[in-house]
Each structure stands twice: as structure tokens, then as C-alpha cells.
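# Residue-level structural notes
What follows is the residue order along each chain.
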Amino acid sequence: MINAIHQPQTILVLGGTSDIARAIVRELESPALQQVILACRRPSEADLGGFGDHSSVVAVEFDATDFENHTQFIDGVASKYGDLDIVIQAFGQLGTEARDDPASAARLASVNYGGAVSSGLAVAECLKKQGHGTLIVLSSVAGIRTRPSNFIYGSSKAGQDAFATGLGHALHGTGVNVMTVRPGFVRSSMTTGLDEAPFSVDPEDVAVAVAKGLQRGSDVVWVPGLLRMVFGLLRYAPGFVWRKLDS
Amino acid sequence: MKTETIELAGWGGTAPSVASVVDVTADELTSEGSLTALDPHGRGLIARGLGRSYGDPAQNGGGTVLRLQPGANPIHLDPATGTVTVDAALSLDTLLREIVPQGWFIPVTPGTRFVTVGGAVASDIHGKNHHADGSFGAHVERLTMLLADGSQRTITPTSDPDLWWATIGGMGLTGLITEATFRLIPIETVHCLVDNERIPNLDTLIEKMITGDHRYRYSVAWIDLVATGASLGRAVLSRGNHATLNELRSYVPKAAENPLVFDPPVFPDVPSGMPNVLNRTAVRAFNEFWYRKTPREHHGTESLSAFFHPLDMVGQWNRLYGRHGFLQYQLVVPFEAVETLRTIISKVSEAGHASFLAVLKRFGAESGGLLSFPTPGWTLTLDLPAGAAGLGPLLAACDDLVLGAGGRHYLAKDAYASPAIIRAGYPRLDEWKAIRSSVDPEGMWASDMARRLDLI
Ligand SMILES: Cc1cc2nc3c(=O)[nH]c(=O)nc-3n(C[C@H](O)[C@H](O)[C@H](O)COP(=O)(O)OP(=O)(O)OC[C@H]3O[C@@H](n4cnc5c(N)ncnc54)[C@H](O)[C@@H]3O)c2cc1C
Ligand SMILES: NC(=O)c1ccc[n+]([C@@H]2O[C@H](COP(=O)([O-])OP(=O)(O)OC[C@H]3O[C@@H](n4cnc5c(N)ncnc54)[C@H](OP(=O)(O)O)[C@@H]3O)[C@@H](O)[C@H]2O)c1
């Protein structure tokens, strides 16, 4: 059970090796934190360090596309480790080369969107049963208006974002909250080697914004906050302007 | 019996959860026979009185909360023995309105009349008279309980000492209390004879309390946490005794004509959805006003409700903290640990979170409840807005100080602690757990607090 000052006891990370998610866990670290569960494709390779010394950290096997097993997986984690206070949906692939290959583009969509839907619903059911809990979904501004240079990724994030906000509304009154996080460019392993976009931030900045969002009970968190206004405008920018901005 | 699925929080309005909430009387429950039908989700059951505990002990996310309603005929007063047997769902407010006009008062009263007798026993509550009379549990003679297997059992401290001392202060986790018999105290008037003094700093306060508390049945100090430096711990010390009829005659002859009229006014609630109006500036101004309004020394009478329950004048005042809510941090440290007390008070003062209510009291002997909070020493209570920045590190530092001094935290107020903090403060926790599992092997009684603090 999360405490009065929003310090969780148990955090499950789906995509447990994500740089952003790990920064969020570090930010939410407190003497109240008892258990961190990193769910990732190769648990034996996961780095369990760097989380402070209050909690116990474990890695367990999870694949975002293993749809058939998501319910069983989430329920299994909850029955082993107790109520899940925070679940972070952090897996995702950028797939820069997917554009030239329809099959791999569809695979990317099935990780970023299909996996989000399947694991998101499994998490929602589990949290509903406990009557409390927050699902933090790492969406992206890439899904707010898709760019010509990465519209496959962007479209999958758009789907994930729409799913997350819709799920949040559907869960109203169940005690379960969904926080949709929309970062811009984050300097993480996903973006290593890419040219930085304007308003770039570090995983730690996302983490601070998420912790603040938890305090405030925010449904949607933009990082940096200014992007909310920027995308409010860019969404309606004429097509030629939008294309120019992406080049 | 009415069931609805709703969100519940404690008085602090933090960390809510959604549960099936059943409004039910003890009779309806006991005629059920088995409790399992009430627990379709397998997340267990917990009793809820009036929800005046600050955190999550009377909520049970995903499970069932039994919100107890008093049945017909809830009060049986026995003037010959000075005891009363009541339905445990009864509020102290209703009880007082019945017994005070007959010349009786409850042995221990919290700062509000809006708690149930069941809640008073389950938290083994204390009042301003703890140094003289001990906690509520010390005055209880008999309890009737509904146990996890659906059976009813009437217990006394001698018939079932284990279950008794696990239930006094047991936060509803050993079973549901349906009826309680406890001793009352006789009173001649509805007034107290009160001495209020302005105290310039902590050392003077401590000294005054140590040397003078024994002259009063009731004693409490309100500390202005906004004051720092040489004025650190400046306070209003308020102490009193029940006024006898003769005393009342000499102080307020008019009131002595009808000495037992008890009819505290009921004021409208603060509306929900208020922003936090108890911000730093408001609290600072209030504290200054409160301290200044008290004459340097004042001796006079106060009505029972003004002396014991001033906060009840404003219904749902907790809403003044806005949607983030607030938490109450109550600790006790042994008498020797005055320096710890000073460090905590100065830390909180320096952090500038502007505690609205900081109360200092002296505790007397323990009741014997395995999870009862009061133990001889100083108890300090702070109200803190939950949204305040930097609360985590501040409270963590206070926790270390409290535990380092051999102190503990009050479960009825807690909304923040971790299992380790409670384990360190309650050395008899394992003994309690063993008794609990002997009467509830399947873990039928469960609450958000029990899961959070690893009590079950
Ligand atoms: C303004 C204010 C002032 C206060 N002042 C004081 C004070 O001076 N001293 C003090 O000690 N406390 C004080 N309290 C705290 C309060 O007295 C306790 O939290 C008390 O337990 C609340 O009773 P309740 O009926 O509201 O119980 P709830 O808050 O509904 O429940 C509290 C606990 O009691 C259990 N419980 C309730 N009924 C039963 C039952 N029938 N059988 C078994 N378990 C049951 C619940 O399961 C839960 O664990 C204060 C609270 C407020 C809001
Ligand atoms: N970085 C940015 O600029 C940025 C901006 C906005 C939003 N986001 C979003 O934030 C989230 C986290 O990204 P990040 O920046 O922290 O990048 P990251 O470190 O690369 O994290 C992404 C994680 O997803 C995991 N993953 C990929 N496919 C998976 C699958 N099929 N099953 C399970 N896990 C899988 C990866 O684990 P493996 O070790 O198994 O590969 C990796 O740990 C992503 O959803 C991303 O879309 C990122």
C-alpha cells in the first residue's frame, strides 16, 4: 500500500532494463519501498544494483509480446510479492529501420501497442482486485503528432497513449489510476547515437516529473512540462510546416 | 444490510482504496453465522467505526469493510456499579448525551466525540488524563466479540488474557467487537476547572509539566511550532479537573442551577473540494493569535465540550487541508529523552511545514495491550499537510530519532510508517501475531494498514 506521502512499497517494471523506468524507481526510493520487480526479456543479465539499500530487487522473465501469458504473469507477481502499488509500463522499441520492412514494422507495433494493450489490461484487472494502485505508462510526444521520420514508432505510441488515457477513464471509481507520461527526447539507451531534438531531457528529469505527478494525482505528465504547450500548437501546424520541422 | 462499492480513506484523506462497504449492525452480522459469504473476493474483512483514524486501518482495498451501525437499545447504564454496557458501534457523542445528564463521564476521551467505542478499544485510545488514568483499555471490563470462524465470544482480562490483550489496541485484526462494558467516572457538573498558562519555551514547559501535572487529572500542552530559537517550544499549557458542584457555584453560580445540561452545538460541515487553506501564512497567523489570545495565566471554568472537543465545533475540518490531505505524526519517547524531543521539535520548526496542531502530553503506565501505543514518556503529535515538499526526509529523520530513543509511533494516526518502523517500536509484535493467528488462522481480518505494515 502506498503511504500518505506517495511512497510506494512495491514497484513492478515491465521492461525492467529501461533507463527511464530505472530512474523513476530511484526517484521513488524511500524507507517505505520494500520490493522492486524488474520484468524483462533476459532477467539473468539485468542489473539489480543502483537502487538504494532499503528494498529487495529481483528480475523476472517477461516479454511484451507474450500476450497469452500476461494475465498469469501479473497475477503471479502479485500473489508472490503482495499488492502492487506502482506498475511502470516501460518496454518499447524505436525500430529506426522498421520503415523499410513491413513485417518488422508490424512486430514493432505489436510490442509497443499490442504489448501495451495486453499487459495494460492484465495490470488493470490485477489492480482492480486490490482496490488501489497506479499504472504509469511511458508514452511519448512522438504519438501526439507522428513525424515523417519515425511514424511507425509514432503511430504505435499514439495507440499506446490513446489506450492508456482511455483505460484511465474506464477505471474511474475502481481505486486504480493510470498516469500517461509524454516525454520528448530522452537521453537513454534507446536514443544513444541519435541527434538530440529540442527540449531534450535526461531519464532523471522524467523521474522527477513522474514523482510530482504522483503527488498531484496527475493523469497526464509532459516532460518537460513546456511540451504540453508546444504540442498544443504543433498539433495544428500546417502540414508543410510540420514536415519542415522534421527535416 | 446495505452494500456499495466505494472509495474510503481515513481522516487524513490520504491513500484511499476501493472496497465493498457493508453497513451492518452487530445483530445482523451474528445472525449470518458464517463470515465467508461477506468475503467474496478473498481479501478479508475489517471493521470500521466512524473512520476517525487518520490513515488506513479501517479500509480494505478490494475486500470488504463492515461499517458498523448501532442497533436498537445500544446503552445499558448500571448506576450501582458505575459501568455501562454498550453496542460497540455507538459513538461517544451519543453515549455522552445520554450519560452526562445522569452524572457520568467516560473514563478516557479523545479530542473528538465522533469515534465509536469499538474504535476506542481497537486503538486503545488515550486522553488528556493518561498520566493519571491510563488508556481506554484500562477501564474496560468485558468485551463481546465476533471471531473469524463466525462464533461469538464474551471475554474478560481474566477469562482470555491472550485474546484480551491482543484485542485492546489490536486495530480490529483479532475480531470484531460487538459489545463493551466499561467503568465510568461520576461527575457533578459539565464543567472543568481549568488553568491555562502561556509558557515561553520548551525547558520551562517540560519543568512545569513534570512538577505540576500530578495536581491535575487532565493536562495537555499546545506547542507553537512556528516559534524558533530562544522561543522554541513556546506553548499554551492547559490543565484541569472536573468542577464539583460547589466549585461551580462559586465560579459560575448561574451554570450551577442546571449543572448537568450537556447539549454541545452541532455546526455545519466544511464543504468538500476545498483547496488547502491551512497554508503556511494562515497557520503562522493562527498560531500567533492562539498564543497571544491566551492570557499569561488564566484560571476559570470551561465546558466539557470546549475543554475536550474544541475541534468538533467545525464538522469535517479535515477538508481544510484540501485534496492532498494531511497526516498526523504521533510519537512517544521515554521521559529521559527530552533532548530527542527538542531535536524533533526544532527539526519540524526549521523545516517550516507549519504544523497546525502540535500537542505534547505525558503518558503514564501501559495498559498491557500488546500493540497499545501509550508507554511512559512524552507523546508529541504533529499535523502535517501531506503535499508539503521534503516531508519524506524529515519524517525519516524523526523516525530514526524516535526509535533511537526507544520510542514508537501510534497506529491509529499512522499513514506513513514502514514495517521496520513498527517492528522496532513494538517489541511484542510477534507475540501478538501468534495470538492473532490462533484466533484467525485463515487471515479473515485484514486491512490496508495490516498489509502495509506487515501485521498479518
Ligand atoms: C480530531 C481527532 C482527535 C483525536 N484525538 C485522539 C486522542 O486524543 N487520543 C487518541 O488516542 N486518539 C485520538 N484520535 C484517534 C481516534 O480516537 C482513533 O483513531 C479511533 O480509533 C477512531 O475511532 P473510530 O470509531 O472512528 O474507528 P475507525 O477509524 O473507523 O477504526 C479504527 C480502528 O478500529 C477498528 N475498529 C473500529 N470499530 C471496531 C469494532 N467494533 N471492532 C473491532 N475493531 C474495530 C478498525 O478496524 C480500525 O482498525 C483522534 C482522532 C481525531 C479525528
Ligand atoms: N528515450 C526517449 O527519447 C523516449 C521518449 C519518449 C518515450 N520513451 C518511451 O519510454 C520507454 C522506455 O524507454 P527508454 O528511453 O528507457 O529506453 P530503453 O532503455 O531502451 O528501454 C526500453 C526497454 O524496452 C525493453 N523491451 C523492448 N522490447 C521488449 C519486449 N518485447 N518485451 C519486454 N521488454 C522489451 C528493452 O529491454 P531489452 O533489454 O530486452 O531490449 C528496454 O529495456 C519506452 O516505451 C519508450 O518508447 C522514450
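Calculation notes
- Residues numbered from 1 in each chain as written.
- Chains lettered and ligands numbered in written order.
- Predicted model: local features only at pLDDT ≥ 70, side-chain atom pairs only at ≥ 80, totals over all residues.
- Heavy atoms only, no water.
- Phe/Tyr/Trp six-rings, centres within 6.5 Å; stacked < 30°, edge-to-face > 60°.
- Helix = DSSP H or I, 4+ residues; strand = E, 2+ residues; numbered from the N terminus.
- Buried < 20%, exposed > 50% of the residue type's maximum accessible area, 1.4 Å probe, protein only.
- Lys NZ or Arg CZ within 6 Å of the ring centre and 35° of its normal.
- Near = heavy atom within 4 Å.
- Polar contact = N/O pair within 3.5 Å; in protein donor to acceptor, adjacent residues only side chain to side chain.
- Nonpolar A, V, L, I, M, F, W, Y, C, P; charged D, E, K, R; others polar.
- Domains from an automatic or database assignment.
- Contact = heavy atoms within 4.5 Å.
- Buried area = accessible area lost by both parts, 1.4 Å probe.
- Salt bridge = Lys/Arg side-chain N within 4 Å of Asp/Glu carboxyl O.

## A word on the packing of aromatic side chains
Residues and elements named next belong to chain B. Under the criterion given, the structure shown has 15 aromatic pairs over all chains. For the pair Phe 335 and Trp 378, a centre-to-centre distance of 5.8 Å together with 85° between the ring planes defines the contact as edge-to-face. Of the two residues, Phe 335 sits in the loop between β16 (326-333) and α10 (338-351) while Trp 378 sits in strand β18 (residues 377-385), which places them 43 residues apart along the sequence. Judged by its relative accessible area of 1%, Trp 378 falls in the buried class. Ring-pair connections join several aromatic residues into one group, and the members of that group are Phe 105, Tyr 218, Phe 307 and Phe 308. Seen from the ring of Phe 307, Lys 128 lies directly overhead, with NZ or CZ sitting 3.7 Å from the centre. The ring of Tyr 426 carries Arg 408 above its face, with NZ or CZ at 4.6 Å from the centroid.

## Topic: the site of ligand 2
Residue and element names in this part refer to chain A. What surrounds ligand 2 is a group of 27 residues, the closest being Thr 17, Ser 18, Tyr 153, Val 186 and Ser 188. Residue Asp 19 places a main-chain N or O atom 3.0 Å away from an oxygen atom belonging to ligand 2. At 2.6 Å, a side-chain N or O of Tyr 153 approaches an oxygen atom of ligand 2. Every element with two or more residues in the shell around ligand 2 is listed here: α1 (19-28) and α4 (151-170). Within the shell around ligand 2, the residues separate by chemical class into 12 nonpolar, 10 polar and 5 charged.

## Quick word on the domain arrangement of chain B
Residues and elements named next belong to chain B. Looking at chain B, the domain boundaries give domain 1 (75-187) and domain 2 (191-419). On a C-alpha basis, the centroid separation for the pair domain 1 and domain 2 is 23 Å. Listed by partner, the interface residues are 30 residues for domain 1 and 35 residues for domain 2. Taken over both partners, the interface formed by domain 1 and domain 2 buries close to 3000 Å², and the fraction arising from carbon and sulfur atoms is 60%. At the junction of domain 1 and domain 2, the tally comes to 3 salt bridges. When the shortest N-O distance is used, the salt bridge between Arg 97 and Asp 263 registers 3.2 Å. Connecting domain 1 to domain 2 are 19 residue pairs in polar contact (both at pLDDT 80 or more). If you list the elements that add at least two residues to the side of domain 1 that touches domain 2, you get α2 (92-99) and α4 (130-133). Sort the elements by how many residues they give to the side of domain 1 that touches domain 2 and α4 lands first, with 4 residues. Split into classes, the residues belonging to the side of domain 1 that touches domain 2 amount to 13 nonpolar, 12 polar and 5 charged.

## What to know about the environment of A:Glu196
Residues and elements named next belong to chain A. Assignment of secondary structure puts Glu 196 in the loop between β6 (176-183) and α5 (203-216). With relative accessibility at 48%, the residue Glu 196 sits in the partly exposed group. In the structure, Glu 196 is positioned 11 residues away from Phe 185 in sequence and 6.9 Å away in space, judged by C-alpha atoms. Among the polar contacts listed, one links the side chain of Glu 196 to the side chain of Arg 187, at a separation of 2.9 Å. At a separation of 3.5 Å, a polar atom in the side chain of Glu 196 contacts the side chain of Ser 200.

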